[in-house]
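Structural description and commentary
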Amino acid sequence: DRNSLITMSIFVPKNKKAATTARPKTKKAAQKASFIRDQRFPKLIGITLVVLGVFVLVAGISYVFTWKEDQDKILNYPFSALGEGDLILANWLGRLGAVVGNALIYWGFGISSLIIPVLVIGFGLRKFLGAGLQTWYIRAGKSILAMVYLSMLLAFVFSWTQFPWGGAFGESTTQWLSNFMGFLGVLLSLLFVLTATFIIQFNP
């Protein structure tokens, strides 16, 4: 009848307009979801992590050879050193490399901190190649435990040197343990952990 025709003429165009305005949003959401599910997305993440890991690894290795020349310039004010355009540092990757290397080794776990960028590179390569991460998780867990132990061991053994072999973590931890159980107690504890790990791992 006439009332139903009037009702249809009022509401039908609005529904069509709403449908046309909803399509672009649905299309954008679909494109975003398809990009995330696409193989290019994990490959992009993987290659980014590889480049980042290589940068940090090179900065850390360079720190081992150039720390004496750069230490006094970046130790107390590392972020201000980044903005000094005239400041020339010996690190192979410039000011940024010197700051990253100092943060990684001096304020971290010492020379064993180089395990971190190696793990990042391995993770990135697996993401790029589409390989499984189960074995990486196992190796990463063991590597982190080894990093913590080596930090304490190196800080204890090379406590007489200026180079931060164990980093801030190893130095502060061994210092606390030395005050708690003495020099001999720390030595026995480190030897026990090393022996126990060897037995568990290789079952001699």
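An account of the accompanying structure is given in this report.

Conventions adopted
- Residues numbered from 1 in each chain as written.
- Predicted model: local features only at pLDDT ≥ 70, side-chain atom pairs only at ≥ 80, totals over all residues.
- Heavy atoms only, no water.
- Phe/Tyr/Trp six-rings, centres within 6.5 Å; stacked < 30°, edge-to-face > 60°.
- Helix = DSSP H or I, 4+ residues; strand = E, 2+ residues; numbered from the N terminus.
- Buried < 20%, exposed > 50% of the residue type's maximum accessible area, 1.4 Å probe, protein only.
- Axes fitted to C-alpha atoms, helices over the stretch in contact; angles between N-to-C directions.
- Parallel < 35°, antiparallel > 145°, perpendicular 65-115°, else oblique.
- Contact = heavy atoms within 4.5 Å.
- Nonpolar A, V, L, I, M, F, W, Y, C, P; charged D, E, K, R; others polar.
- Patch = residues over 30% accessible without salt bridge, like charges linked within 9 Å, V, L, I, M, F, W, Y side chains within 5 Å.
- Areas by Shrake-Rupley, 256 points an atom, 1.4 Å probe, with all protein chains shown as cover.
- Salt bridge = Lys/Arg side-chain N within 4 Å of Asp/Glu carboxyl O.

With that out of the way, let us pick up the packing of aromatic side chains. The geometry of an aromatic ring pair is captured by the separation of the ring centres together with the interplanar angle, meaning the angle of the planes. Summed over the entire model, instances satisfying the criterion amount to twelve aromatic pairs. Centroid distance F109 to F169: 4.8 Å. Interplanar angle 50°. Geometry classified as tilted. Of this pair, F109 sits in helix α4 (residues 94–109) while F169 sits in helix α7 (residues 167–202), and the two are 60 residues apart along the sequence. Since its relative accessible area comes to 29%, F169 is described here as partly exposed. Between F198 and F202, the aromatic rings sit 5.1 Å apart at their centres with planes inclined by 45°, giving tilted as the arrangement. Taken together, the positions of F198 and F202, both in helix α7 and four residues apart, correspond to about one turn of that helix. Following the ring pairs from residue to residue traces out a cluster consisting of Y63, W67, F158, F163 and W165.

Let us look at the packing of α4 against α7. With their axes 1 Å apart at the nearest point, α4 and α7 run at an angle of 10° to one another. Overall, the two elements α4 and α7 adopt an arrangement that is roughly parallel. Side by side, α4 and α7 meet where I105, Y106, W107, G108 and F109 of the first sit next to G167, A168 and F169 of the second. Across the contact of α4 with α7, the residue classes break down as six nonpolar, two polar and no charged.

Attention now goes to a nonpolar patch on the surface. Taken together, the side chains of L44, I47, V51, F128 and L129 define a hydrophobic patch exposed on the protein surface, amounting to about 480 Å² of accessible area. Examining the composition of the nonpolar patch, we find that three residues originate from one element, helix α2 (residues 40–74), more than from any other. Along the polypeptide, L129 turns up in helix α5 (residues 115–129).

Counted according to the given criterion, the structure contains one salt bridge. Measuring nitrogen to oxygen at the nearest pair gives 3.8 Å for the salt bridge that ties K73 to D72. Its relative accessible area of 36% is what places K73 among the partly exposed residues.

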